[in-house]
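Listed below, chain by chain, are the residues.
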Amino acid sequence: MRDKDVVFVKGIFEASEGLGALFAERGGELIISAPLSRERELDEVLADLQNELQAVVSHLPLPAVP
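The rules behind the values
- Residues numbered from 1 in each chain as written.
- Predicted model: local features only at pLDDT ≥ 70, side-chain atom pairs only at ≥ 80, totals over all residues.
- Heavy atoms only, no water.
- 1 Å grid on protein atoms, 1.4 Å probe; cavity = no way out; pocket = protein on both sides within 12 Å on 5 of 7 lines; lining within 4 Å.
- Points joined across faces, edges and corners; volume = space filled by probe spheres on them.
- Helix = DSSP H or I, 4+ residues; strand = E, 2+ residues; numbered from the N terminus.
- Nonpolar A, V, L, I, M, F, W, Y, C, P; charged D, E, K, R; others polar.
- Expected span 1.5 Å × (residues − 1).
- Buried < 20%, exposed > 50% of the residue type's maximum accessible area, 1.4 Å probe, protein only.
- Arc of directions from axis to C-beta.
- Salt bridge = Lys/Arg side-chain N within 4 Å of Asp/Glu carboxyl O.
- Contact = heavy atoms within 4.5 Å.

(A) Focus on the layout of surface pockets. Taken as a whole, the largest pocket encloses approximately 920 Å³ of empty space. Contributing to the lining of the largest pocket are 27 residues, with Ile32, Leu46, Ser58, His59 and Leu60 lying nearest its centre. Put simply, the parts of the chain that give the lining of the largest pocket at least two residues each are β2 (30–33) and α2 (39–53). Ranked by residues supplied to the lining of the largest pocket, first place goes to α2 with six residues. Looking at side-chain class alone, the lining of the largest pocket contains 19 nonpolar, five polar and three charged residues.

(B) Spatial organisation of helix α1 (residues 3–15). End to end, α1 covers 19 Å across 13 residues, agreeing with the expected 18 Å (1.5 Å per residue, within 8%). Buried residues of α1: Asp5, Val6, Val9 and Phe13, and no others. Taken end-on, α1 shows its buried residues confined to a sector of 105°, consistent with a single buried face. Facing away from the buried side of α1 by more than 90 degrees, the exposed set consists of Asp3, Lys4, Val7, Glu14 and Ala15.

(C) Seen up close, the pattern of salt bridges. This model, assessed by the stated rule, comprises three salt bridges. Ionic pairing is found between Asp5 and Arg2, a salt bridge with its closest N-O pair at 2.9 Å. Classification of Asp5 as buried rests on a relative accessible area of 6%. A salt bridge links Lys10 to Glu14; its shortest N-O distance comes to 3.8 Å. One end of the pair is Lys10 and the other is Glu14, both in helix α1 and four residues apart, which spans about a single turn. The exposure class assigned to Lys10 is partly exposed, which follows from its relative accessible area of 42%.

(D) Here's a closer look at the environment of Val57. The topology assignment puts Val57 in the segment after α2. Owing to a relative accessible area of 28%, Val57 belongs among the partly exposed residues under this scheme. A C-alpha to C-alpha distance of 15 Å links Val57 and Gly20, two positions 37 residues apart in sequence. Each residue touching Val57, except ones within four places of it in the same chain, is listed here: Leu46 and Gln50.

Right, dumping it as structure tokens:
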């Protein structure tokens, strides 16, 4: 994702009060961590961002719960 898009996405998450935390990785890669209770809302936001920014969204596996 482009640098200016990272700033845009970060602003969305900062304004969304607890939807998720955004971590910038390398070269425009982001990791977004969110509570399971907000999963549906997060998926909707990510789908919108994917369409608007032509970003690629992939999901990491959830950690195993003991």
